[in-house]
Every structure is written in structure tokens, then in C-alpha cells.
Amino acid sequence: MTVNVRFAPSPTGVLHIGSVRTALFNWLYARHNNGKFLLRIEDTDKLRSTDENTRLIFKILEWLQIDWDGDPVIQSSRIERHKEVALDLISKGKAYYCYCTPEELASKKEQCLKENRPYKYDGKCRNGNNNHDSNIKPVVRLKSELEGTTTVKDMVQGEVTVNNSQLDDLVLIRSDGTPTYMLSVVVDDHDMNITHVIRGDDHLTNTFRQIQIYKACGWDIPKFGHIPLIYGPDGAKLSKRHGAASAIDYMQLGYLPEAISNYLLRLGWSHGNDEIISREDAIKWFDFDNVGKSPSRFDMAKLQNLNAHYIKERTNESLLEYMLPFLKYELNNEVKNNILKGMDSLKERAKTIVELAESASIYIKAPEAYEDKCSKYATSMHLDLLNEIVEKIKNNEFSTNEEDLCNSVKEFAGSHNIKLIEIAQAIRGALCGKLASPSVFEIISIIGKEETIKRLESFINHYGQ
RNA sequence: GUCUCCUUAGUCUAGAGGCCUAGGACAUCGCCCUCUCACGGCGACAACACGGGUUCAAAUCCCGUAGGAGACGCCA
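Residues numbered from 1 in each chain as written. Chains lettered and ligands numbered in written order. Predicted model: local features only at pLDDT ≥ 70, side-chain atom pairs only at ≥ 80, totals over all residues. Heavy atoms only, no water.

### Let's talk about the overall build of chain A
Here's step 1: Each helix and strand in chain A was counted, giving 17 helices and 12 strands.
Here's step 2: The principal-axis extent of the C-alpha atoms belonging to chain A is close to 105 × 45 × 40 Å.
Here's step 3: Within the span of chain A, comprising 465 residues, buried residues form 50% of the whole.
Here's step 4: Split by element, the accessible area of chain A, about 22,700 Å² in all, is 47% carbon and sulfur.
Here's step 5: Placing the 59 positive and 66 negative side-chain charges of chain A at their respective mean positions leaves the two points 5 Å apart. (Helix = DSSP H or I, 4+ residues; strand = E, 2+ residues; numbered from the N terminus. Buried < 20%, exposed > 50% of the residue type's maximum accessible area, 1.4 Å probe, protein only. Areas by Shrake-Rupley, 256 points an atom, 1.4 Å probe, with all protein chains shown as cover. Lys, Arg positive; Asp, Glu negative; His and termini not counted. Charge placed at Lys NZ, Arg CZ, Asp CG, Glu CD.)

Below is the structure:
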């Protein structure tokens, strides 16, 4: 079976996370079937399209390792071809010039609504009555079927049938001479030899209109797969209000591409009870039999869980590299090395790269402030104990080897009849400025004797007055 | 309003008439581990929208009802 699919975003806004899933499903379907995944930028709305948005589309697809075959097709470059098809339809009597004004049409539509019957364009122009004001620039309309039904055998939705009486004479060419989306998509999909149109199910009802264009042109109709939309946690359209809606947001929030694509894959598609799915398996398993029909809601918590999983799977080196742009500081090699040493412990605590970068700050600099809670472990008793510990570290009674130090401090606590937690938390507050971190003994073993003494003394001074 | 689609726990889902006392995952809660926070391990809570049929048997098939979504542009 030949499979050519396309992803056809329009650069009129930032790429929505739902569109990313559409891209992913297209890509997986192509790769699964050894087909081609083509990219088309639908920039015919010149007013709202921006180069920046186009650039971001490329960037996000590359980030997610969704690679496309051949050069992207820029839809605006194909306008002449679209017009040519419309003109051809006119010459064949399948389309016509319409001189009705938008106002006339609007009132007609209103009337239809009032009378509770489907709106169908049935203006006089359709029948060749061209008694019109010569000042009016016409649009080109498709002469759609008046009777019968149109059926789509959708790969996701199954067989869907609509009465042709529901379909209006859609505009193919606007009065300013530019082709509409409906025309452009059909012509481009045909010219690009697209065999499977996979897109959001907000296009399902458009499909019936587009099929009429295919038929009028006498072209083969591709197969369609309309995947359900993604909504926010409240069931409304996913937007900024829910935290993030655009793909670029998730990039900046510190989500890994493999987590995003695993999450998106499982939203609306499943393979038994599998949750963690590699790219390789995704390609092997992906099919439309397992795509659900019902819309799904975006669940940030599950994404985070997946992200935490993939953070743990990454090597320490790749995580360090990945987190560098999230850091506010330039790091020297010593610091980088320390972060690398502590990474095993840091990475099992982080849900996002942003969190990881934040937690790594303990290896970058001494705390600039102490959380309020730290004062609980800064009583005179705690400070006395810390003083003793500082002394013991200074004169090498306590080594800064993780295991040795742990044993020494445990012994020290025992001899003072104090629970280890009292000392550990005091040290933690001094080293990190907060009461949650990896093992304090690990941190000391990494930052070393001098830095440890410096941080402990600062803490003692801060609370000592 | 018209047309089309959807409906299993808070969320994502498994389920193709008997394998269902409805499975898994996230979230939540509890216990264990433990220098804190996490990780990890164990466990708990929690769902077939409703009403009728068909059938020996229905989450699964049919019909209604309710709820939700999408489309109805000279936007894409």
C-alpha cells in the first residue's frame, strides 16, 4: 500500500499542542507503512501568517524528531495553480461566478435559520442569471450536489453520511481573486499525491464539502482519518489559561521531547496496557484501529510523571547539557563536574528540566537566603552542634568522604543523645537554604571541605546574633 | 437552531456477547524504606451517563433520553 501523508499547519498562530499530536500521528502512520510524511505550510491567510510562526513549526518538529520528506510545500506559492483549477471547473460548468453580496447572503441565511431549514446557497447566479451590478467583483462558487448523500469512510470515525442538501455552494475563489482554504487543500493534497488525510476532527464536516470538489475535478478521493481534539482539564478548548497550549511552551517549561511525544501518543491511542512506549515500538504498533473516537483532556500531572521517567532515563551528561540554557549562570568546569557527580540524586527528584536546573544550584553557589522553616533547626542547641562539627571538619576529625562522614555524624549524634535528623536538617539548611535536598553527606562530599565550612559558618553567623 | 460526532473512576485508557467480582496508568490517601525531599516497594479509594429492548447471557448489539463537543465564514 502506498502511503503519503501530510501535516499542514497554518502559521497564523503558535503551533498548538493538539496540532503536534496530529503531526505525530501522521508521521507514525507514514513510518509504520514505509510511506512519506510531507509538510505543507498553509500560509494563504497572509494577514495573519508570520515567518516567526513558520520558523517555530520547523523548530518544534525538529525538536520532537518528526522529520519530513522532501522540501516543505509553501501553499501561497501555488495560488496560480489553485486558480487554474477553479477556472477549469467553471469551463466544465461545475462552478460559477456569483455576484451576490455578503449582505444578501447573510439575510438569506438568517431567513433559513428562522424557518428552521438548512441553509443552502441557491442564488440566481448558480443558474447563469448574470443580471448584476457590474461594479461587483464576483466570487467563484462550486456547484454542489443538490440531492443524494455523501459518505466518508473515516479511519477513525467509521462511516459517516450526510445529506447533500446540507452542503452549500462553497466559495472557491474570493472576490479579491485569492483561492480559499477549501480549494487549496484539495488541489494541494491531490497534486502532492496524498493518500491519507489525517487531521483534527474539527475538519470532519469540511470533508464532505471537499469531497464535492474532488468529485467535480474528477480526482481520486484520499482516505480520511479525523482524530478527536484535545481539551483542557475543564473540558473547554485547551488554551493558555490552562497553563500552556502551544508546543513551544512545553519546551520552555522543561519537558523532554520524548516525554511529550509519549504523552501525546497515549492521548487517544493505546496499545493494550502499555504506557511507556519507545519511538521504535510506536512506529511498529501505530495504527488507526487503536485510535479512540472520544475527545480527551490534557492532564499535566501525567505529562509530568512521564517527564520524570524520561529524565531518569537520560544520561547525566545529556541532562547537564540540556539544562544549561535553563541556568542563569555561566558554569566553569569544576561546577559542571560537581553537578555531574550529584546528578544521579538530582535527577530522581526532578519532574522537569526547570526543576532540575533549580535543584542543581546547590552545586553552583552558597544559599543567598534561608527558608523560614530553617530557623526550626537553628536554635542555640543546633548552632552549638554545628560549631562542633565545623571544628571537627577543620581539623580533619571528620572526613568529607560521604560514607565516612555519615558514620561519624551518626556516632556524634549518638554521643550527644540527639536524633540524626536534628543535625542533618541543620546542615541541610546551612548548605542549601532549604530543608529538602539530596543526602547532606553526598552534598558535602561533592562541594568539599572548604565550601562546606564556609556555608556552615555563614549559617551559624546568620542565626547566631 | 440545523447537521455530525462522542459518553468506562478526578484524568488517560483496556474491553470486539460469557474470560469482568470490569484490567492497567496518572492523580489522591495509607504503610514500608529513610538524614529531609524525592525514588523505590506494598496497599487502599474510585467507573460501564440514564431508560428501555434483543439474548440463556450485555460495558460490549438495537432504540430512545440526557449531557458534552465540532461544523454551519469571501478563517484555516
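### Here's the deal with the domain arrangement of chain A
Here's step 1: Domain boundaries in chain A define domain 1 (4–71 + 229–305), domain 2 (75–227), domain 3 (314–365) and domain 4 (368–465).
Here's step 2: Here the C-alpha centre of domain 4 lies 74 Å away from the C-alpha centre of domain 2. (Domains from an automatic or database assignment.)

### A word on the pairing of strand β2 (residues 36–41)
Here's step 1: Burial runs high along β2: 5 of the 6 residues are buried.
Here's step 2: Looking at chain direction, strand β1 (residues 4–7) and β2 are connected through 4 bridges and run parallel. When the bridges of β2 are listed, Val-5 appears paired with Phe-37.
Here's step 3: Note that the unit made of β1, helix α1 (residues 17–32) and β2 has a crossover that is right-handed. (Pairing = 2+ DSSP bridges. Right-handed = clockwise from strand over helix to strand, strands pointing away.)

### Considerations on the environment of Ala-430
Here's step 1: Looking at the element boundaries, Ala-430 is found in helix α16 (residues 420–432).
Here's step 2: With 175 residues separating them in the primary sequence, Ala-430 and Tyr-255 have C-alpha atoms 31 Å apart.
Here's step 3: The residues touching Ala-430, leaving out its near neighbours within four places in the chain, are Pro-367, Tyr-370, Arg-455, Leu-456 and Phe-459. (Contact = heavy atoms within 4.5 Å.)

### Things to note about the environment of Lys-59
Here's step 1: The topology assignment puts Lys-59 in helix α2 (residues 51–63).
Here's step 2: On the basis of relative accessible area, Lys-59 is assigned to the partly exposed category, the value being 37%.

### Considering the packing of helix α5 (residues 181–191) against helix α6 (residues 204–217)
Here's step 1: Viewed as axis vectors pointing N to C, α5 and α6 meet at an angle of 60°, and their least axial separation amounts to 10 Å. Taken together, the axis directions place α5 and α6 in an arrangement best described as oblique. Handedness of the α5/α6 crossing: right-handed. Residues Tyr-181, Met-182, Leu-183, Val-186 and Asp-189 of α5 form the contact with α6, whose participating residues are Asn-206, Arg-209, Gln-210, Ile-213 and Tyr-214. (Axes fitted to C-alpha atoms, helices over the stretch in contact; angles between N-to-C directions. Parallel < 35°, antiparallel > 145°, perpendicular 65-115°, else oblique. Left-handed = near helix turned anticlockwise from the far one by under 90°.)

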